[in-house]
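# A look at the structure
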Amino acid sequence: MEAGRILHRGVPWTLGRPRRPPRPPRPSPLPTFPRFIRASSIQRGSYKGPKPSRDWIADWVSKNDDAVRSLPIYVGGASLLAVLFNRAVSGIAPVADASSSQSRADLLTLGLAVTNVLAGLVWLSIRPKYITPVTPQGVECQVIYSRLPESVVSEIIWAWESLSAVTCCRSLVIVYDCQCIVQIGVAAKSQNDGEPFAVDAAKLMQGSLCQGVLKFGAQSYLANLSLYPGRSELPFLPSNTQAVILQPLGDSGIAILGGDTIRGFTTSDQAWITYIGEKLDATLTKCIRSIPSVVQQ
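Residues numbered from 1 in each chain as written. Predicted model: local features only at pLDDT ≥ 70, side-chain atom pairs only at ≥ 80, totals over all residues. Heavy atoms only, no water.

## Re the environment of Lys-203
- Here Lys-203 lies in helix H6 (residues 201-205).
- Placed 25 residues apart in sequence, Lys-203 and Cys-178 show a C-alpha to C-alpha distance of 8.8 Å. (Helix = DSSP H or I, 4+ residues; strand = E, 2+ residues; numbered from the N terminus.)

This is how it looks when you write it as structure tokens:
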């Protein structure tokens, strides 16, 4: 009987019925957020994130540059007066005595004071040179080769307007296949008739500057043109041109950009000029292939 009861209880009544799958748990309701947030609903001062730090000492030093440079002189002079005053009121003999500890301390203090005075004089004599743009000395010109298609001319004009508006570029000369394609901006004045100085493309391409740029195929940046002897190869630029970039255009062309500021072309400007040079090279190459007489006279 006991065994029968156990078997009777252990056999489920739903043995022949299919079991239903368990129901998935109901997802919790998502929180509702407002679709639009008004700026007035954000309270001022509620931002808890990091804030940009400010160096108060550096700001104060930059605003009081002259006083900071003169500070060692004042400190050294005050130290000298203090040593002399201490020597006078302490009753010690004015002659330095090597056996006296006070004399040795005074000599050390005098040396430090003199060092401060000399450091202040050096700080006053060495000042940073502020670089300012100059006005190019020459004449305005816009010479573009007449056989270029209108699309190429518009692209060159776009490149010039972009460079002159964003960078310190004030002169642009493009030579392609020993032919001056573009001379735009400020050019040197010819001594004979006062007209813009013409570009001798063949002589320019044979010079050391252009040969070096075409040999390595990389941009050359003359940050301070007055320090380079090769400036004599660029007589068509204004005489007071401060900086020059030589940008190769493939294997047979070069773009020369003259700036009005020493070290005026930044790193981003140089990279941008490189991309513009690649675009002009592709455009001029297609133009020459379609019109072979462009570079032949």
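## Regarding a nonpolar patch on the surface
- A cluster of nonpolar residues, Ile-57, Trp-60 and Val-61, forms a patch on the protein surface that exposes about 330 Å² of accessible area.
- Relative to the helices and strands, Ile-57 is located in helix H2 (residues 56-63). (Patch = residues over 30% accessible without salt bridge, like charges linked within 9 Å, V, L, I, M, F, W, Y side chains within 5 Å. Areas by Shrake-Rupley, 256 points an atom, 1.4 Å probe, with all protein chains shown as cover. Salt bridge = Lys/Arg side-chain N within 4 Å of Asp/Glu carboxyl O.)

## A closer look at the packing of aromatic side chains
- This model, assessed by the stated rule, comprises one aromatic pair.
- Centre to centre, the rings of Tyr-221 and Phe-265 are 6.0 Å apart; their planes meet at 85°, and the pair counts as edge-to-face. With Tyr-221 in strand S4 (residues 220-222) and Phe-265 in the loop between strand S6 (253-259) and helix H8 (267-290), this residue pair connects regions lying 44 residues apart in the sequence. (Phe/Tyr/Trp six-rings, centres within 6.5 Å; stacked < 30°, edge-to-face > 60°.)

## Digging into unusual backbone geometry
- Of note in this structure, Asp-177 is not a glycine but carries a positive phi near 50°.
- As for its placement among the helices and strands, Asp-177 is situated in the loop between strand S2 (169-176) and strand S3 (179-187).
- According to the relative accessible area criterion, Asp-177 is partly exposed, its value standing at 31%.
- We note that Arg-263 has phi near 55°; this positive angle belongs to a residue other than glycine.
- In this structure Arg-263 comes out as exposed when scored by relative accessible area, which is 53%. (Buried < 20%, exposed > 50% of the residue type's maximum accessible area, 1.4 Å probe, protein only.)

Remember, this is a structural readout, not a statement about activity or role.
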